[in-house]
Amino acid sequence: MSPILNASQEAINAFGKSTSQFNHNFAESGLFTDEKLAELIERYPREYYMLNTMTAQGDKPEWRSGEINNVSGDKVLQALTDGRIWLALRRFDVVCPEYDELVHDAFSEMEALQPGLKTFKHNSSMLISSPGARVLYHADIPYVCLFHVRGRKKLWLYDAENKDHLPDSTLEGVILRETEEEVGYDEAWDKDATQVVLEPGTALSWQLNAPHRVDNLDGLNVSITTDYFTPYAQKKYGVYYTNGIMRRKLGIDPKSTNVEGLSAYAKCAAALAIKKTGIVKVAERSMISTFTLDPQNIGQIIDLPDSERTEIVQL
Ligand SMILES: [Fe+2]
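Let us look at the structure shown here. These numbers come from a predicted model, not from an experiment.

**Topic: the coordination of the iron ion**
Part 1 of the argument: Protein-derived ligands of the iron ion are His138 (NE2), Asp140 (OD) and His212 (NE2), with the metal-ligand distances lying across 2.1 to 2.2 Å.
Part 2 of the argument: The motif formed by the donor residues of the iron ion, counted along the single chain, is H-x1-D-x71-H.
Part 3 of the argument: Overall, His138 belongs to the buried group, its relative accessible area being 10%.

Listed below in structure tokens is the structure:
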């Protein structure tokens, strides 16, 4: 089998730790043509996709969730090309194993290239978004690798260790799923951000929990985004999860965010126990549908009246 990845030694060494940019040949699979994407959209069950619209780049950030509303796959693609819409087709493992296999092969290759690298809990989504769409400033819980396939986008990457940009209590809230992973943002931080323009065929992974935002530049944007954990990511998750519970339920301000050592080990064990027993309930976010695609005017949306706004259930 010919290789999927083309990566410098520097990118290979950085993968699963810090910013790593390299090339991939996903497009050669033939799985990313308009026809294939339209087919894929049509077979997606409601509980595995998210559709969003947002205010324009430069305007006050606002992000809303909505419904495809039985619009056919090719028309959804047209709406994505003409409107300002973002579609995430989640859980490849359940819905489309042929795409999951591509990602699996790419990760196997990277693990072969970097001895000692161990990644797990891979969870991939297809992101299809309009030329003028954007993703607001947020931090993700796991590591992320973005395999960009079509269109061009700019990713703004902020330092995860800067506690002004990402206070510990905010990251705890993300990990406890209190927020939609959107966190406080100030334009003034942009001067400290790293900007990366993603061309078709490039992939990017970055520092764990590093806040980022995305501005699409041109073309219909198509990417696969894959969440993954490493042993370090899993330990950091456990520490912040337990610190978050301590702060919220016990009124303790946790001083240590250290991921190594006995106290980190105890926090990871506590996080596992708390999650397993469900003894502590945290206020998880809910998502409400506020619009549908307009089947008559492709690229437009219809605002739902309050009486028709329902909670979006995702599995
Ligand atoms: Fe993200």
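**What to know about helix α5 (residues 97-113)**
Part 1 of the argument: Relative to the 24 Å expected for 17 residues at 1.5 Å per residue, α5 spans 24 Å between its end C-alpha atoms, a close match to the ideal helical length.
Part 2 of the argument: Those residues of α5 not exposed but buried are Tyr99, Leu102, Val103, Ala106, Phe107, Glu109 and Met110. Around the axis of α5, the buried residues are gathered within 155° of arc, so they sit on the same side. When the buried face of α5 is taken as reference, the exposed residues oriented beyond 90 degrees from it are Glu101 and Ala112.

**Here's the deal with helix α3 (residues 73-82)**
Part 1 of the argument: When α3 is considered as a whole, its buried residues turn out to be Gly73, Val76, Leu77, Ala79 and Leu80. Looking straight down α3, one finds its buried side chains confined to an arc of 160°; they lie on one side.
Part 2 of the argument: In this structure, the buried side of α3 is in contact with α2 (34-42), β5 (85-89), β6 (120-129), β11 (212-229) and β12 (289-293).

**Let's talk about the packing of helix α7 (residues 231-249) against helix α8 (residues 262-277)**
Part 1 of the argument: Here α7 crosses α8 at 70°, and the two axes come no closer than 8 Å. If you check the angle between α7 and α8, you find them roughly perpendicular. For the pair α7 and α8, contact is made by Lys235, Tyr237, Gly238, Val239, Tyr241, Thr242, Asn243 and Ile245 and by Ala264, Lys267, Cys268, Ala270, Ala271, Ile274 and Lys275, respectively.
Part 2 of the argument: Residue classes in the contact of α7 with α8 are distributed as nine nonpolar, three polar and three charged.

Definitions and limits used
- Residues numbered from 1 in each chain as written.
- Predicted model: local features only at pLDDT ≥ 70, side-chain atom pairs only at ≥ 80, totals over all residues.
- Heavy atoms only, no water.
- Donors = N, O, S within 2.8 Å, 3.2 Å for Na, K, Ca; no water.
- Buried < 20%, exposed > 50% of the residue type's maximum accessible area, 1.4 Å probe, protein only.
- Helix = DSSP H or I, 4+ residues; strand = E, 2+ residues; numbered from the N terminus.
- Expected span 1.5 Å × (residues − 1).
- Arc of directions from axis to C-beta.
- Contact = heavy atoms within 4.5 Å.
- Axes fitted to C-alpha atoms, helices over the stretch in contact; angles between N-to-C directions.
- Parallel < 35°, antiparallel > 145°, perpendicular 65-115°, else oblique.
- Nonpolar A, V, L, I, M, F, W, Y, C, P; charged D, E, K, R; others polar.

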